[in-house]
Amino acid sequence: MMTPRAATLIGLSAILMWSLLAVLTVATGTIPPFQLAAMTFAIGALAAATGWILRPGAIRALRQPPLVWAVGVGGLFGYHALYFLALRLAPPAEAGLLNYLWPLLIVLFSSLLPGERLRPHHIAGALLGLVGTALLFAGNGAALEPAYLPGLAAAFVAAFVWAAYSVLSRRLKAVPTDAVAGFCFVTALLAALVHGVIESTVWPQGAAQWLAIVALGIGPVGAAFYAWDIGMKRGDIRVLGAASYATPLLSTGFLIIAGYAQPTATLALAALLIAGGGLLAAKDMLRGGK
């Protein structure tokens, strides 16, 4: 049996993989968002299904009630569709800041789960992470204008969708993680349908862009969802929620390493707040408690 600590560490690996999402997406060039989602989710589903060659019985995980499919596909496709819509209708800084309410919402929603107890240091850690994230985006010139309200609303709803999907995964603990491959495959099909309706196809130019797409499909849009599922179902959901604020910070760090962004004092302060919040929320786990 997997211990909660091991499951939490696996869930934290998803946060690390998601921090590579921005730099890998930039490396894919100008591929439309829904086309990119269709391609990468398909790769993620196929990569997982390849493992079924050695575990043929794992395919039975796809036999789930409609409610499970609604939660899985609704979470993966619903979140990404809303987030892409937000990026179309509002500047990335503003949309990103509202979208990153989901870690705090996960921490708060976890109190509704059986056997979970939300303590002051969990809330304080999540709030510190939120302040650090707000500072990170404020340093990018975030501002509120009425014309952006539809996009900001989409980002706000996306945060609730992802938080709800994550916490509901805990309620569906009996559903094998192999089922996520099915959710990814259906998400890829839906993204392809939307792409066909609203976007023009743009194929990758050169081996570097193809490699970036494959890397996205295997990591941030593939293995990350399986790792997150394990963390949500068997790990410390409060720690994972608060630690998720490290994603935009690590993402900015990788953009700096790749030469797409510049280091600033604001980034350093945001790093201290986010890291401090994560450590505070994880106090019990670090001490060996629940």
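Preceding this section is the structure that the text describes.
Bear in mind the structure is a predicted one, so any value in this text is a computation, not a measurement.

## A short note on the overall build of the chain
- Per the secondary structure count, the chain includes 14 helices and zero strands.
- Ordered by position in the sequence, the α and β elements of the chain form the string α-α-α-α-α-α-α-α-α-α-α-α-α-α.
- On C-alpha atoms alone, the chain measures out to a radius of gyration of 18 Å, which is about the 19 Å that the 2.2 N^0.38 rule sets for 290 residues.
- Across its three principal axes, the chain shows a C-alpha extent of roughly 45 × 45 × 35 Å.

## What about the environment of His 122?
- The topology assignment puts His 122 in helix α7 (residues 120-138).
- C-alpha of His 122 to C-alpha of Ala 246: the two residues are 124 residues apart in sequence and 15 Å apart in space.

## Considering the packing of helix α3 (residues 33-50) against helix α10 (residues 207-234)
- Between α3 and α10, whose axes approach to 8 Å, the crossing angle comes to 60°. The crossing of α3 and α10 is right-handed. Here α3 contributes Leu 36, Met 39, Thr 40, Phe 41, Ile 43, Gly 44, Ala 45 and Ala 48 to the contact with α10, which in turn contributes Trp 210, Ile 213, Val 214, Leu 216, Gly 217, Ile 218, Val 221, Gly 222, Phe 225 and Tyr 226.
- Residues of the contact of α3 with α10, tallied by class, amount to 14 nonpolar, four polar and no charged.

## A closer look at the side chain of Asp 229
- Tracing the backbone shows Asp 229 in helix α10.
- On the basis of relative accessible area, Asp 229 is assigned to the buried category, the value being 4%.

## A closer look at the environment of Arg 5
- Along the chain, Arg 5 falls in helix α1 (residues 4-18).
- The class of Arg 5 is partly exposed, set by a relative accessible area of 40%.
- Measuring from C-alpha to C-alpha, the distance between Arg 5 and Gly 235 comes to 6.3 Å, with 230 residues separating the pair along the chain.

## Brief notes about the pattern of salt bridges
- For the structure shown, the criterion picks out four salt bridges.
- Residue Asp 229 pairs with Lys 233 through a salt bridge whose shortest N-O separation is 3.1 Å. In this pair, Asp 229 and Lys 233 are both assigned in helix α10, four residues apart and thus about one turn of the helix distant.
- In this structure, the salt-bridge partner of Arg 238 is Asp 236, at a minimum N-O distance of 2.9 Å.

## Some points on the packing of α3 against helix α9 (residues 179-198)
- At their nearest, the axes of α3 and α9 sit 7 Å apart, and the two run at 160° to each other. The angle between the axes of α3 and α9 places the two elements in the roughly antiparallel class. Crossing angle aside, the handedness with which α3 passes α9 is left-handed. In contact with Phe 34, Gln 35, Ala 37, Ala 38, Phe 41, Ala 42, Ala 45 and Ala 48 of α3, α9 contributes Ala 181, Cys 184, Phe 185, Thr 187, Ala 188, Ala 191, Ala 192, Val 194, His 195 and Ile 198.
- Partitioning the contact of α3 with α9 into residue classes produces 15 nonpolar, three polar and no charged.

The rules we used
- Residues numbered from 1 in each chain as written.
- Predicted model: local features only at pLDDT ≥ 70, side-chain atom pairs only at ≥ 80, totals over all residues.
- Heavy atoms only, no water.
- Helix = DSSP H or I, 4+ residues; strand = E, 2+ residues; numbered from the N terminus.
- Rg over C-alpha atoms; globule rule 2.2 N^0.38 Å.
- Axes fitted to C-alpha atoms, helices over the stretch in contact; angles between N-to-C directions.
- Left-handed = near helix turned anticlockwise from the far one by under 90°.
- Contact = heavy atoms within 4.5 Å.
- Nonpolar A, V, L, I, M, F, W, Y, C, P; charged D, E, K, R; others polar.
- Buried < 20%, exposed > 50% of the residue type's maximum accessible area, 1.4 Å probe, protein only.
- Salt bridge = Lys/Arg side-chain N within 4 Å of Asp/Glu carboxyl O.
- Parallel < 35°, antiparallel > 145°, perpendicular 65-115°, else oblique.

Take it as geometry only, folks, not as evidence of what the structure does.
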